[in-house]
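So the chains spell out like this:
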Amino acid sequence: MSTVVSYADSIEKTLFTREEIASAIARLASEIAADFAGRPVFFIGVLKGARHVPADLVRALSSVPGGPSELRIDYMAVSSYGNANRSSGEVRMLKDTTENIAGKNVVIIEDIVDNGLTLAYLQGLLREREPAVLKSCVLFDKPYNRTVDVHVDYIGLTAPDAFVVGYGLDYQEAYRNLPFLAQLHSWVFS
Ligand code: PRP
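Rules of the game
- Residues numbered from 1 in each chain as written.
- Predicted model: local features only at pLDDT ≥ 70, side-chain atom pairs only at ≥ 80, totals over all residues.
- Heavy atoms only, no water.
- Helix = DSSP H or I, 4+ residues; strand = E, 2+ residues; numbered from the N terminus.
- Expected span 1.5 Å × (residues − 1).
- Buried < 20%, exposed > 50% of the residue type's maximum accessible area, 1.4 Å probe, protein only.
- Contact = heavy atoms within 4.5 Å.
- 1 Å grid on protein atoms, 1.4 Å probe; cavity = no way out; pocket = protein on both sides within 12 Å on 5 of 7 lines; lining within 4 Å.
- Points joined across faces, edges and corners; volume = space filled by probe spheres on them.
- Nonpolar A, V, L, I, M, F, W, Y, C, P; charged D, E, K, R; others polar.
- Near = heavy atom within 4 Å.
- Polar contact = N/O pair within 3.5 Å; in protein donor to acceptor, adjacent residues only side chain to side chain.
- Sits in = over half its atoms within 2 Å of the grid points.

*Asks:* Explain helix α1 (residues 18–35) here, please?
*Replies:* Side chains of residues three or four places apart in an α-helix project in the same direction, reflecting 3.6 residues per turn. When the terminal C-alpha atoms of α1 are compared, their 26 Å separation across 18 residues agrees well with the 26 Å that a helix rising 1.5 Å per residue should span. Taken residue by residue, α1 has Ile21, Ala24, Ile25, Leu28, Ala29, Ile32 and Ala33 as its buried positions. Where α1 is buried, its residues meet β1 (11–16), β2 (40–47), α2 (53–61), β6 (133–141), β7 (154–158) and β9 (181–184).

The structure is reproduced here in structure tokens:
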């Protein structure tokens, strides 16, 4: 007889609630609105992890008075973790932007920065395309294990030094749907 482990049983604890995430997004929206007041902004969401962040951020921005004059969103898809809970160390581009970013005010929107390789790769790639401005916004920062020095302009929340899931972040493609950030029991990875 096989043992069925429920989805909820594999979650050890909630790290940030839905409300705490919404509040961090509202603060990020205020910071971005102040920096780009009266100017157009072009968001680049990084799939798959940052599926929720740009969507929630643009809606939060729409209720901030005096924000950007225009807001557009495009998406890229990159991956370095695959199905593992450790980075492969190699960032693979799966989908590029569809719009030209030369001369635009670009903000990369990421769900998480951990070793920094993904964001450093994106910053390097997009800088070569000569945007007028290139900034980076990350909802969850894990500053403990950087292998590259990467600058982040807007940081939402600092997560603990653990493998985290939820709010877009996955383990083996599961848990992305959770509306909160969670830590899994260590036995999930064994
Ligand atoms: C995750 C996450 C970030 C990246 C951050 O992507 O969405 O893009 O890792 O990690 P790093 O700072 O250590 O490079 P992942 O490769 O898991 O792909 P996914 O977004 O499709 O889940």
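Now that the structure has been shown, the text picks up again.
*Asks:* Sorry if this is basic, but what is going on with the layout of surface pockets here?
*Replies:* If a probe the size of a water molecule is rolled over the atoms, the empty space left behind becomes visible. Space inside the largest pocket adds up to approximately 850 Å³. Forming the boundary of the largest pocket are 38 residues, of which Ser80, Tyr81, Ile112, Phe163 and Leu169 lie nearest the centre. When contributions to the lining of the largest pocket are tallied by element, the ones reaching two or more residues are β2, β3 (70–79), β4 (92–95), β5 (105–113) and α3 (117–127). No other element matches β5, which puts four residues into the lining of the largest pocket. Among the residues forming the lining of the largest pocket, the class breakdown is 15 nonpolar, twelve polar and eleven charged.

*Asks:* What exactly am I supposed to notice about unusual backbone geometry here?
*Replies:* As a rule of thumb, non-glycine residues mostly have phi less than zero, and peptide bonds are mostly trans rather than cis. Of note, the bond from Leu47 into Lys48 is cis; its omega dihedral lies within 30 degrees of zero at 5 degrees. The backbone of Tyr167 sits at a positive phi, close to 50 degrees, despite the residue not being glycine. Looking at Tyr167, the relative accessible area reads 7%, which means it is buried. Positive phi, normally seen in glycine, also occurs at Tyr175, with a value near 80 degrees.

*Asks:* Explain the site of the ligand to me, please; I cannot follow it from the model alone.
*Replies:* Taken together, 18 residues sit near the ligand, with Ser80, Tyr81, Glu110, Asp114 and Thr118 positioned nearest. Contact distances for the ligand include 2.6 Å between an oxygen atom and a side-chain N or O atom of Tyr81. Within the side chain of Asn115, a nitrogen or oxygen atom sits 2.9 Å from an oxygen atom of the ligand. When atoms are counted within 2 Å of each cavity's grid points, the one that captures over half of the ligand is the largest pocket. Contributing elements (two or more residues each) for the shell around the ligand: β3, β5 and α3. Top element by residues in the shell around the ligand is β5. It accounts for four residues. Looking at side-chain class alone, the shell around the ligand contains six nonpolar, six polar and six charged residues.

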